Amino acid sequence: MTSTRNATLFALALLAPALLYIIGIVAYPLVDTINLSFTNAALKKTYEFVGWANYEKIFKNNFNEVIVRTFVWTFFSVSIKMVVGTFGAVLLNAAVPGRALFRILTMPPWVVPMAIGIFMWGWMYNGQFGMISGLLQNFGIVDGPIAWLAYGNTAFWATIVTDVWIGVPLVTIYLLAAMQSIPRDLYEAAWTDGAGRFYRFRRITFPMIIPALVTMSLLSLIATFNSFDIIWILTRGGPSGSTTTMIIDTYKTAIGSYKYGEGAARAVMICIFLSLFCLAYFRVVGKINTGEKA
Amino acid sequence: MSQLSLKHLEKSFGDTQIIKGIDLEVSQGEFVVFVGPSGCGKSTLLRMIAGLEDITSGDIVIGDKVVNDLPPVKRGIAMVFQSYALYPHMTVFENIAFPLRVERLPNDQVKERVGRAAKVLQLDARLEQRPGTLSGGQRQRVAIGRAIVRQPQIFLFDEPLSNLDAALRSEMRIELMELHKKLGSTMIYVTHDQVEAMTMADKIVVMNAGLIEQIGSPLELYHKPDNKFVASFIGSPKMNFIQGNATTSDGTNVTIDLGALGTIALPRATKRVAGDTVTLGIRPEHLVLGKSDFTLTVTPKIVEHLGIHTVLYADLPGGETFIALFEGDPKIEEGAPLEIGFKLSSAHLFDTAGLAVY
C-alpha cells in the first residue's frame, strides 16, 4: 500500500511543474474568461453575475455579421495561401538552374519582423504616396490616386493580400518538403511509361501531398482565424467595421471599450470555434498517421 | 537478327567518364545479364538504354531504329526498378494499369490487359489492395505487371531482387526465368550477384570500370575466362591465384616456378610468356584431397562444414589466402597439414597483364 502511494506521490511530483504551468497559463485564464463572460464586469469596482445576458446581447447586435465576415476573410486568405503556396512549391521543386537562390528568395516575408512588413504594406496601400496606386496611375490603369485602406471593399481584400504575403512562405516550404519526400523513382517510372509533366503532377505529386495539404490548411486556418496584428496595424478593423473580425471585435469591446464581461463572451465564442478546428486537425493527423502505418 | 545494338556507347558526368565505349548485340528473346562490381557502370548503361540518361556519344539501335534522342516511351522498352517504384496511393490494379491510363486506352481494354498480367503473376486476388499491404515478392510482381501490360520489345530490370531476402530471391529468380520462357521477350537484367547472373542468363556481360571485360554464356565465362578479373568475379568461392615466374615457354609447355610450392609445367601452345611474371589460377572446387597432377601441402586455418561441402581456408607461403572446396564431409582438421592437388587441365594461366593464356 505504502509503496503504491509513494509511487503515486512521486509521479505527481514529477508532473507538478508541467501541471502548474498548464494551470497558470491555460486553465486559470480560460476558466476565469468563461466566468467573466457571465458577468457585467467593466471599469467599475464590483460586478454581478448576469447569466446569458452577454451572449444574448452579442447575438442581438452585429456579432453574427462579424462571425460571417471572419469566416469569409479566413476562407479566402487560407485558400489563396494554399493555392499560391502549392504553385510556388511546384516551381521550387522543378529541376531548374538557380533553384537554391529562388528558395532563399521566398523567405523574406517570413523573416522580416511582422509589424515592419505590415507597416510597409500600409505605405504601399497609401493613396498619396503608395507604390500600388502610383504604379497603376503610371500605367494609366486608374485615373486618380486610390487609398486602398479607405474603402470597406478594398480594405477587406488589402488585409487578405498582406496576410497571404506573410503566410505563403511557410506553406510553400512545408509543401516543398512534402514534394521532396516523394521518391524520384516514381517519376522516372512514370516518365518511362510516357506520362508528361502535368500528368505526373495530377496522378503522383498531388495525391501524395494531400495529407500535407490538409494538415497545412488546418494549421493555417487556426492561425489565420486568430490573425490580429495585420488587421489592427493596417485598418484597426475599419473603415466602418469592414475588416472587423472576431478577434478584432473582441479586443475593441474588452480593451477598447472596457466591457470585460461582453469581451469575455466574445472570446469564449472564438475559443469554441478554434477548439472545433483543433479537433478536426487532430482527427486528420491521427487518420494520416494510422494510414501511414497500414 | 539483333534486336538491340549498342555501338561504341560512352557516357560522362562532367569530366568523369562512366561508360567508356561499349559495343553489344542482343538477339530477340535473349536473357542478357549485366554483371559487375558496384560502380562499374552497369546500372548507368541500363538507364541509357531506357532513355533515363542521355548518352555522350555512340548509338543505341532498337529494332532498326536509332533511339538516342527518343523518350523512353517511344523506345519499346519497359523498366522494372530496384525499389519497384510503385505508387503507394494507388491500388495494385491502378499501379499495373498506369501505362495504359497514360495511353488513354478504353476502360474495357485496360481491364482485360491488367487482368491477363495479374493472372500470369498470380496477383488476381490482390488487385484492390494497396502496395503497402503487400509482401516484398508481391510488390516485385506488381512492378513486373506494370512492365508486362505495355507489351514491350525489351524488358529492362535494374537489380530487381536485391531488396528481397535470400529465400525469396531464389524463388523470384525461378519465377522470372519462367516468365521469360512464357513471354519469350528480350530481357536485360542488371545485378551485382554472380549467382543470379549464372543461373538466369543466356548471355552474361561482365563489366568493370565502364568497360566490358567479357561477353559469353555462363559456362563459357566459368571455363574460359578471358582475364583474371572475369576469372575472379565468376565462381563462388573465388578462384585461387598463385604468382610465379614463367621460366620456359617453348610452344608446347609453359614451366612456372612457384617458389616454395615447386615447379609446374602447363601445356600451352605459346612462346610469349617466357621470363614473365605470370599467375596460376585454380578454382577451389577443382582441388582434390591427396595427390594429383600437381600437389601442394597446406595447413588449414579455418574449416567450414556445410554438409554438402567442406570449405578449407589456408595461407600460402606467398601470403595469399587459398580456398579449397571438397564434396561431402571429409575428415579435415584445422592446423594439421595435408596434401591437396589438382589436374593440370583444370588450371588457368594469366600473363603479366592479367590476360588468359590458352
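Residues numbered from 1 in each chain as written. Chains lettered and ligands numbered in written order. Predicted model: local features only at pLDDT ≥ 70, side-chain atom pairs only at ≥ 80, totals over all residues. Heavy atoms only, no water.

A.B. asks: Could you give an account of the overall build of chain A, naming the residues involved and the relevant values?
C.D. replies: A count of helical and extended segments in chain A gives 13 helices and zero strands. Start at the N end of chain A and walk to the C end: the helices and strands fall as α-α-α-α-α-α-α-α-α-α-α-α-α. For chain A, the spread of C-alpha atoms along the principal axes amounts to about 75 × 75 × 30 Å. In chain A, which comprises 294 residues, the share counted as buried stands at 38%. Looking at chain A alone, contacts between residues at least 24 apart form 65% of all its contacts between residues at least 6 apart. (Helix = DSSP H or I, 4+ residues; strand = E, 2+ residues; numbered from the N terminus. Buried < 20%, exposed > 50% of the residue type's maximum accessible area, 1.4 Å probe, protein only. Contact = heavy atoms within 4.5 Å.)

A.B. asks: Which residues make up the overall build of chain B, and what values go with them?
C.D. replies: Along chain B, the regular secondary structure elements total eight helices and 21 strands. Overall size of chain B, expressed as C-alpha extent along the three principal axes, is 75 × 45 × 35 Å. Considering chain B as a whole, with its 358 residues, one finds that 53% of them fall into the buried category. Residue pairs in contact within chain B that sit at least 24 positions apart in sequence constitute 65% of those at least 6 positions apart. Accessible surface, chain B as shown: approximately 15600 Å² in total, 50% of it carbon and sulfur. (Areas by Shrake-Rupley, 256 points an atom, 1.4 Å probe, with all protein chains shown as cover.)

A.B. asks: I'd like a description of the environment of B:P267, backed by residues and values.
C.D. replies: Residues and elements named next belong to chain B. Structurally, P267 can be placed in strand β13 (residues 263–267). For the pair P267 and V26, spaced 241 residues apart in sequence, the C-alpha to C-alpha distance is 35 Å. In this structure P267 touches T252, N253 and L344, once residues within four positions along its chain are discounted.

A.B. asks: For the confidence of the model for chain B, give the residues involved together with the corresponding values.
C.D. replies: Low-pLDDT portions of the prediction should not be read for the details of their coordinates. With 100% of its residues at a pLDDT of 70 or more, chain B shows a mean pLDDT of 91. Interface predicted TM-score (ipTM) for the complex: 0.82; the corresponding pTM is 0.80. (pLDDT = per-residue confidence, 0-100.)

A.B. asks: Explain the interface of chain B and chain A residue by residue, including any values.
C.D. replies: Taken together, the contact pairs 24 residues of chain B with 17 residues of chain A. At the boundary of chain B with chain A, total buried surface from both sides reaches about 1800 Å², with 63% on carbon and sulfur atoms. One salt bridge connects B:R150 with A:D193, and the closest N-O pair in it is separated by 3.1 Å. Inspection of the region where chain B meets chain A yields seven residue pairs in polar contact (both at pLDDT 80 or more). Broken down by secondary-structure element, the contributors of at least two residues to the side of chain B that touches chain A are β6 (77–80) and α2 (92–102) of chain B. When residues in the side of chain B that touches chain A are grouped by element, the largest group, five residues, is from α2(B). (Buried area = accessible area lost by both parts, 1.4 Å probe. Salt bridge = Lys/Arg side-chain N within 4 Å of Asp/Glu carboxyl O. Polar contact = N/O pair within 3.5 Å; in protein donor to acceptor, adjacent residues only side chain to side chain.)

A.B. asks: If you had to explain the pattern of salt bridges to someone new, which residues and values would you point to?
C.D. replies: Taken as a whole and judged by the stated rule, the model has 20 salt bridges over all chains. A:E262 is the partner of A:K57 in a salt bridge, and the nearest nitrogen-oxygen pair spans 2.6 Å. Residue A:K57 is found in helix α2 (residues 53–60), and its partner A:E262 is found in helix α13 (residues 260–293); the two are separated by 205 residues along the sequence. Here B:D351 makes a salt bridge to B:R272, at a shortest N to O gap of 2.8 Å. Of the two residues, B:D351 sits in the segment after β21 (348–350) while B:R272 sits in the loop between β13 and β14 (277–282), which places them 79 residues apart along the sequence. Judged by relative accessible area, which is 48%, B:R272 ranks as partly exposed.

A.B. asks: Residue-level account of the nonpolar core, with values.
C.D. replies: One finds B:L4, B:L6, B:F34, B:F98 and B:L156 to be the most contacted residues of the largest nonpolar core, which totals 55 residues. Looking at this core, the element that brings in the most residues is helix α10 (residues 197–225) of chain A, giving six residues. Contacts of B:F34, omitting those with residues within four sequence positions, involve B:L24, B:K42, B:L45, B:I49, B:I188, B:Y189, B:V190, B:T191 and B:V205. (Core = buried A, V, L, I, M, F, W, Y, C linked by side-chain atoms within 4.5 Å.)

A.B. asks: Requested: an account of the pairing of strand β20 (residues 338–342) of chain B, with residues and values cited.
C.D. replies: Residues and elements named next belong to chain B. With four of its five residues buried, β20 lies for the most part within the structure. Relative to β20, strand β16 (residues 294–298) runs antiparallel, the two being bridged by five bridges. What sits directly across from L296, in β20, is I340. (Pairing = 2+ DSSP bridges.)

A.B. asks: Describe in detail the sheet that holds strand β17 (residues 300–305) of chain B, supporting the description with residues and values.
C.D. replies: Each strand in a sheet pairs with its neighbour through backbone hydrogen bonds, running either in the same direction (parallel) or in the opposite one (antiparallel). Residues and elements named next belong to chain B. In spatial order, the strands read β17-β18-β19; together these three strands make up an open sheet with antiparallel pairing. Unpaired on one side and paired on the other, β17 and β19 (321–327) mark the two borders of the sheet. Each neighbouring strand pair of the sheet contributes to a mean axis angle of 15°, computed without reference to strand direction. Where strand β18 (residues 309–315) lies against β19, seven bridges are found, and the strand directions are antiparallel. Bridge pairing in β19 links T310 to F326. (Axes fitted to C-alpha atoms, helices over the stretch in contact; angles between N-to-C directions.)

A.B. asks: Give me the lowdown on the state of the cysteines, citing residues and values where you can.
C.D. replies: Residues and elements named next belong to chain A. Scanning all chains against the criterion turns up zero disulfides over all chains. Free cysteine C271: the closest other cysteine sulfur is in C278, separated by 8.9 Å. For C271, a relative accessible area of 33% puts it in the partly exposed group. (Disulfide = S-S within 2.5 Å.)

A.B. asks: An account of the packing of helix α8 (residues 152–180) of chain A against α10(A) is needed here, citing residue identities and associated values.
C.D. replies: Residue and element names in this part refer to chain A. Relative to each other, α8 and α10 sit at 150°, their axes nearing to 10 Å. Put simply, α8 runs roughly antiparallel to α10. Crossing of α8 over α10 shows right-handed handedness. Where α8 abuts α10, its residues D163, L170, V171, Y174, L175, A178 and M179 lie against T205, I209, A212, L213, T215, M216 and T224. The residue inventory of the contact of α8 with α10, partitioned by class, reads 10 nonpolar, three polar and one charged. (Parallel < 35°, antiparallel > 145°, perpendicular 65-115°, else oblique. Left-handed = near helix turned anticlockwise from the far one by under 90°. Nonpolar A, V, L, I, M, F, W, Y, C, P; charged D, E, K, R; others polar.)

A.B. asks: Go over the sheet that holds β20(B), please, and point to the residues and values.
C.D. replies: What the three strands build is an open sheet, ordered β15-β20-β16 (chain B); its pairing is antiparallel. The outermost strands of the open sheet, each flanked by one partner alone, are β15 (288–289) and β16 of chain B.

A.B. asks: Residues and numbers for the packing of aromatic side chains, please.
C.D. replies: Evaluated as defined, the whole model comprises 29 aromatic pairs over all chains. Three or more aromatic residues link up through ring pairs in this structure, and these residues are A:F38, A:F49, A:W52 and A:Y55. It is B:K224 that lies over the ring of B:Y358; its NZ or CZ is 4.4 Å from the centre. A cation over a ring is seen here: B:K228 above B:F241, with NZ or CZ 5.2 Å from the ring centre. (Phe/Tyr/Trp six-rings, centres within 6.5 Å; stacked < 30°, edge-to-face > 60°. Lys NZ or Arg CZ within 6 Å of the ring centre and 35° of its normal.)

A.B. asks: Let's hear about the confidence of the model for chain A: which residues, and what values?
C.D. replies: Mean pLDDT over chain A works out to 87, with 98% of the residues at or above the 70 mark. Taken element by element, chain A is modelled with least confidence in helix α4 (residues 99–105) of chain A, mean pLDDT 79, and with most confidence in helix α9 (residues 184–192) of chain A, mean pLDDT 92.

A.B. asks: Hey, could you go over the side chain of B:R283 for me, with residue numbers and the actual values?
C.D. replies: Residue and element names in this part refer to chain B. With respect to the helices, strands and loops of the structure, R283 is situated in the loop between β14 and β15. For the buried R283, which has no salt bridge, the nearest side chain bearing the opposite charge is E285, at an N-O separation of 4.8 Å. At 2.9 Å, the side chain of R283 forms a polar contact with the backbone oxygen of I234. When neighbours within four sequence positions are excluded, R283 is seen to be in contact with L221, Y222, P225, A231, I234, G235, M239 and N240. (Lys, Arg positive; Asp, Glu negative; His and termini not counted.)

A.B. asks: Break down the pairing of strand β9 (residues 203–208) of chain B for me, with residues and values.
C.D. replies: Residues and elements named next belong to chain B. With five of six residues buried, β9 is to be regarded as a mostly interior element. Inspection of the sheet shows strand β3 (residues 31–35) paired to β9 by four bridges, in the parallel sense. Its bridge partner being in β9, V33 is matched across the sheet by I204. Bridging between β9 and strand β10 (residues 211–216) involves five bridges; their strand directions are antiparallel. Within β10, the position partnered with N208 by the bridge is L211.

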